[in-house]
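Chain by chain, the residues run as shown.
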Protein chains: 2
Amino acid sequence: MIAEKMKGMVANSSAIRAMFEEGNRLAKLYGAENVYDFSLGNPNVAAPQAVKDAIVELVTGSDPVILHGYTNSNSGYEDVRQIVAESLNKRFQTSFSSENIVMSVGAAGGLNVILKTLINPGDEVIVFAPYFGEYRSYTSNYDGVLVEISPNTVDFQPKLDEFEAKITPKTKAVIINTPNNPTGVVYSEETIKKITAILEAKQREYKTDIYLISDEPYRELAYDGVKVPWLTKYYDNTIVGYSYSKSLSLPGERIGYLVIPDEVADSGDVKAAANVATRILGFVNAPTLQQKVVAKCINEKTDISFYDRNKETLYNGLIDCGFECIKPQGAFYLFVKSPVENEKEFCEAAKKYNILMVPGSSFACPGYVRLAYCVSYETIVNALPKFKKVAELYFSCTGR
Amino acid sequence: MIAEKMKGMVANSSAIRAMFEEGNRLAKLYGAENVYDFSLGNPNVAAPQAVKDAIVELVTGSDPVILHGYTNSNSGYEDVRQIVAESLNKRFQTSFSSENIVMSVGAAGGLNVILKTLINPGDEVIVFAPYFGEYRSYTSNYDGVLVEISPNTVDFQPKLDEFEAKITPKTKAVIINTPNNPTGVVYSEETIKKITAILEAKQREYKTDIYLISDEPYRELAYDGVKVPWLTKYYDNTIVGYSYSKSLSLPGERIGYLVIPDEVADSGDVKAAANVATRILGFVNAPTLQQKVVAKCINEKTDISFYDRNKETLYNGLIDCGFECIKPQGAFYLFVKSPVENEKEFCEAAKKYNILMVPGSSFACPGYVRLAYCVSYETIVNALPKFKKVAELYFSCTGR
């Protein structure tokens, strides 16, 4: 008796649930410390001390009627939005004000708000494989049609010829995600310039507006000084979705924001509609205490060196075992080539050694697996000998 | 370029925005203490001290990786859900477990989750006027068809003949809200028994399942010892949506829950789909810190005597002025009959005395206005002489 649309999703979600329960089962059987769960993007780094201090200061020092009350605007506290805008201006030489910011229930909430705002049934939304599988659900929520660009497994930069060919008069939005989940790749400035040039040309050709939605939960997680381009500078119709889930290790608190620049086509309507969409989708407003917390912690960052060490150790260890993997420049994922065509077989083989990974087909890129290395360093160190044993099933291991 | 569906909603929301800005304008002109804003359901009672204590204790005493992390299930922390279930069991002699509870981003989030779970395009959702206007948006989000039962302005209990006549084979859900926004009326046990008897008969007649969705943000706000029936005991296909926005004065924090009993048709699917809907609508999980807070404060309540005093003073004052109004048994609203047919004229007249009220047409009940009395007692005391002056425009005031 549930809605038709939900039936397939429930079936699919059972698979994720099954993996989670398998992890629990293994932990009970062998002890949690002997299970190497690389399946979840749940940060293992604690939120900065400043977050704790901010929460205590806010609840002991402010009027609870204001602190826990509805915000005047569904888009959030005006002072918080202004602080976010000014922080972006300082970092990226932009000129946003509070009017350009909509505080959101994480990036997931923000993406739903902007898709609700923009998408008519049948509108096409382009994504580059491999991509975060939720984009499919979010687009489906508003009866949009997801159009996939097939993966470029050489360097996981997007396939631009295919992109250009698949833009139609019905293309309403393109979602990009850099640093990327699941590959860890950062799209280069060259890639961004080419993507936006294609979009500009297609807008002119079709006399349409195509919104570039930049999903940026991993913006602050970039390594080795790599530069993550700020997209509103390259293309007027850019909307940014941000989350503090990773940058402040607050994924459960559901706090992020949308940036809707004045340069966006019909900016006034888009901002007004995003405000309304925040309300009617049931978010009402982003959680108020956390809005104030992120404003107080606007210059705080997570401990990137923790992830960097994990990345180096896991990457080098896997390469030494003979696995193939592109070296990530950002996020906290490794996207490893499966030594057998069907990567689910590889996942099953690894599971025998208590290693949990996500098949690439969940990201529209079969033949690969995703490892989330936002785990303890010990998990990585202890997992490597197990990976070595898995590798021996497929090829001889060179050792280290 | 925004979605067609959003266009009308943006226009409508501008009206609400305009009222809010009018309030700000008046406050600047005359001072905030001389503006009598009865337009918003934003509690003026502070959250209990226990909420503050719980937050400080949680952030200083728990592992932030867990406290602020994703919950294992999108439905929320299992221990929190179990505490909620046991509290309900104790209060209402039910036998729920954590499996029956889905923590939600307020009642608004919960209602969206359950409608997403249940509604196919074209399915009918019945509401009793006057009703919270957002039900229309929430139903529209999933392409459901809202079916209104016209208001019974005698006592604002639902019109049961019309209800029975308007149930069709396409009726998928009925939303009820008691204590009611905007009337403050509590549906009597007799009303509930009649509603559920009608539903049982129609389910048999059409061989369908009709879900009764009980939206209960005002459950704890009942006066004079009036009993608010617990609906799962009257009808198997009942789903409850609850919020802590009013009961703990946490509206900005977005925390509530759904109860999906085992007795509901296809209960397993409904629970699984609600879990998935929580994820794909972008809520992901209810804010984690606040989940833990409400679990710690499970036996806390807001200061109902504050609202009670406001209600008595405002109600008696208005009646003395000659206004007509049903005496509310719950929530924090008065639904006052407009002395002129077009209640918007009445709102405009009151605005000249710096009184802000919401027209009943926003609740599908023109000819009435809603006053939210979750304001300071002083606001009410100071507003009464102004109401007297407004009353003098329409009828002679008996004074007090």
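The structure reproduced in this document is the subject of the present report. Everything numeric here is computed off the predicted structure, so don't read it as measured data.

## Concerning the overall build of chain A
Assigned secondary structure in chain A consists of 14 helices and 12 strands. The C-alpha atoms of chain A give a radius of gyration of 21 Å, which matches the 21 Å a tight globule of 400 residues would have. Overall, the C-alpha framework of chain A stretches about 60 × 55 × 50 Å when taken along its three principal axes. Out of the 400 residues belonging to chain A, those deemed buried represent 62%. Sequence-distant contacts in chain A: of pairs separated by 6 or more residues, those separated by 24 or more amount to 74%.

## Thoughts on the interface of chain A and chain B
Residue-level contacts link 77 residues of chain A with 76 residues of chain B. Roughly 6000 Å² of surface becomes buried between chain A and chain B when both sides are summed, with 58% attributable to carbon and sulfur atoms. Among the residues chain A hides against chain B, the three largest losses belong to Met1(A), His68(A) and Tyr70(A). Together they make up 12% of the total. Our enumeration of links across chain A and chain B arrives at two salt bridges. Two residues, Glu134(B) and Arg279(A), come together in a salt bridge whose shortest N-O distance is 2.9 Å. Summed over the shared surface of chain A and chain B, the number is 38 residue pairs in polar contact (both at pLDDT 80 or more). Going through the elements one at a time, α1 (4-30), α2 (49-61), α3 (64-67), α5 (106-118), α6 (134-141), α9 (244-247), α10 (267-280) and α11 (288-296) of chain A are the ones with two or more residues in the side of chain A that touches chain B. Per-element tally for the side of chain A that touches chain B: the top contributor is α1(A), with nine residues.

## Brief notes about the nonpolar core
Core analysis: the biggest nonpolar cluster contains 82 residues, and Met6(A), Ile239(A), Val270(A), Met6(B), Ile239(B) and Val270(B) have the highest contact counts within it. Residues within four places of Met6(A) in sequence aside, it is in contact with Lys116(B), Thr117(B), Ala273(B), Val276(B), Ala277(B) and Ile280(B). Grouped together as the second largest cluster of nonpolar side chains are 62 residues, Val51(A), Tyr77(B), Leu289(B) and Val293(B) included.

## Some points on the packing of aromatic side chains
Taken as a whole and judged by the stated rule, the model has 47 aromatic pairs over all chains. Ring centres 6.5 Å apart and planes at 85 degrees place the aromatic pair Phe128(A) and Tyr187(A) in the edge-to-face group. In this pair, Phe128(A) is assigned in strand β3 (residues 124-128) and Tyr187(A) in the loop between β5 (171-176) and α8 (189-206), connecting sequence segments 59 residues apart. For the pair formed by Phe128(A) and Tyr187(A), the shared burial category is buried. Residues Phe323(B) and Phe395(B) carry aromatic rings whose centres are separated by 5.5 Å and whose planes lie at 75 degrees to one another, so their mutual orientation is edge-to-face. Residue Phe323(B) is found in the loop between α11 (304-321) and β9 (333-337), and its partner Phe395(B) is found in the segment after α13 (377-394); the two are separated by 72 residues along the sequence. On the accessibility criterion, Phe323(B) (4% relative accessible area) is buried. With a relative accessible area of 26%, Phe395(B) lands in the partly exposed category. Clustering of aromatic rings is evident, with ring pairs tying together Phe38(A), Phe323(A), Phe346(A), Phe387(A), Tyr394(A) and Phe395(A).

## Some remarks on the sheet that holds strand β12 (residues 368-372) of chain A
All names here are of chain A. Taken in spatial order, the three strands make up an open sheet running β9-β12-β11, and their pairing is antiparallel. This sheet does not close on itself; its edge strands, each paired only once, are β9 (333-337) and β11 (358-359). The pairing of β11 with β12 spans two bridges and is classified as antiparallel. Bridging from a neighbouring strand, Pro359 pairs with Val369 of β12. Against the sheet, helix α12 (residues 304-321) engages β9 and β12, with an angle of about 10 degrees to β9.

## Quick word on the pairing of strand β6 (residues 211-215) of chain A
All names here are of chain A. Of all five residues in β6, five are buried, a share of seventy percent or more. Side chains Tyr211, Ile213 and Asp215 of β6 all project onto a buried face; the interleaved residues Leu212 and Ser214 project onto the opposite face, where all are buried too. Direction of pairing for β5 relative to β6: parallel, over a ladder of four bridges. Across the sheet, residue Ile176 finds its bridge partner in β6, namely Ser214. Each parallel crossover has a hand, and the one from β5 via α8 to β6 is right-handed. Pairing analysis gives four bridges linking β6 to strand β7 (residues 238-243), with the strands arranged parallel. By the bridge assignment, Ile213 is partnered in β7 with Ile239.

## Observations concerning the relation of the copies chain A and chain B
The operation relating the two chain copies consists of a rotation about an axis and a shift along that axis. Once turned by 180 degrees and shifted 0.0 Å along the axis, chain A lies on chain B with an RMSD of 0.0 Å. Such a turn and shift between the copies fits a two-fold axis. Taking C-alpha positions as the reference, the residue of chain A nearest the rotation axis is Val56(A), at 2.9 Å.

## Quick word on the pattern of salt bridges
Under the definition given, this model contains 38 salt bridges over all chains. For Lys7(B), the salt bridge identified is with Glu4(B), shortest N-O distance 3.0 Å. Here Lys7(B) and its partner Glu4(B) are both found in helix α1 (residues 4-30), three residues apart, which amounts to about one turn of the helix. It is possible to trace a salt-bridge network through shared partners that takes in Asp224(A), Asp308(A), Lys311(A), Glu312(A) and Lys327(A).

## Concerning the side chain of Asn177(B)
Residue and element names in this part refer to chain B. Tracing the backbone through its elements, the reader meets Asn177 in the loop between β5 (171-176) and α8 (189-206). Overall, the relative accessible area of 4% leaves Asn177 in the buried class. A polar atom in the side chain of Asn177 sits 3.0 Å from the backbone oxygen of Asp215.

## Some details on helix α10 (residues 288-296) of chain B
Of all nine residues in α10(B), eight are buried; the element is thus mostly enclosed. Three or more residues of α10(B) are buried, namely Thr288(B), Leu289(B), Gln290(B), Gln291(B), Lys292(B), Val293(B), Val294(B) and Ala295(B). The secondary structure elements touched by the buried residues of α10(B) are α2 and α11 of chain A together with α2 (49-61), α3 (64-67), α4 (78-92) and β2 (101-104) of chain B.

## Some remarks on the sheet that holds strand β11 (residues 358-359) of chain B
Strand order in the open sheet formed by three strands is β9-β12-β11 (chain B), and the pairing between neighbours is antiparallel. The sheet is open, and its two edges are formed by β9 and β11 of chain B, each paired on a single side.

Conventions adopted
Residues numbered from 1 in each chain as written. Chains lettered and ligands numbered in written order. Predicted model: local features only at pLDDT ≥ 70, side-chain atom pairs only at ≥ 80, totals over all residues. Heavy atoms only, no water. Helix = DSSP H or I, 4+ residues; strand = E, 2+ residues; numbered from the N terminus. Rg over C-alpha atoms; globule rule 2.2 N^0.38 Å. Buried < 20%, exposed > 50% of the residue type's maximum accessible area, 1.4 Å probe, protein only. Contact = heavy atoms within 4.5 Å. Buried area = accessible area lost by both parts, 1.4 Å probe. Salt bridge = Lys/Arg side-chain N within 4 Å of Asp/Glu carboxyl O. Polar contact = N/O pair within 3.5 Å; in protein donor to acceptor, adjacent residues only side chain to side chain. Core = buried A, V, L, I, M, F, W, Y, C linked by side-chain atoms within 4.5 Å. Phe/Tyr/Trp six-rings, centres within 6.5 Å; stacked < 30°, edge-to-face > 60°. Pairing = 2+ DSSP bridges. Axes fitted to C-alpha atoms, helices over the stretch in contact; angles between N-to-C directions. Right-handed = clockwise from strand over helix to strand, strands pointing away. Least-squares fit on C-alpha atoms with pLDDT ≥ 70 in both.

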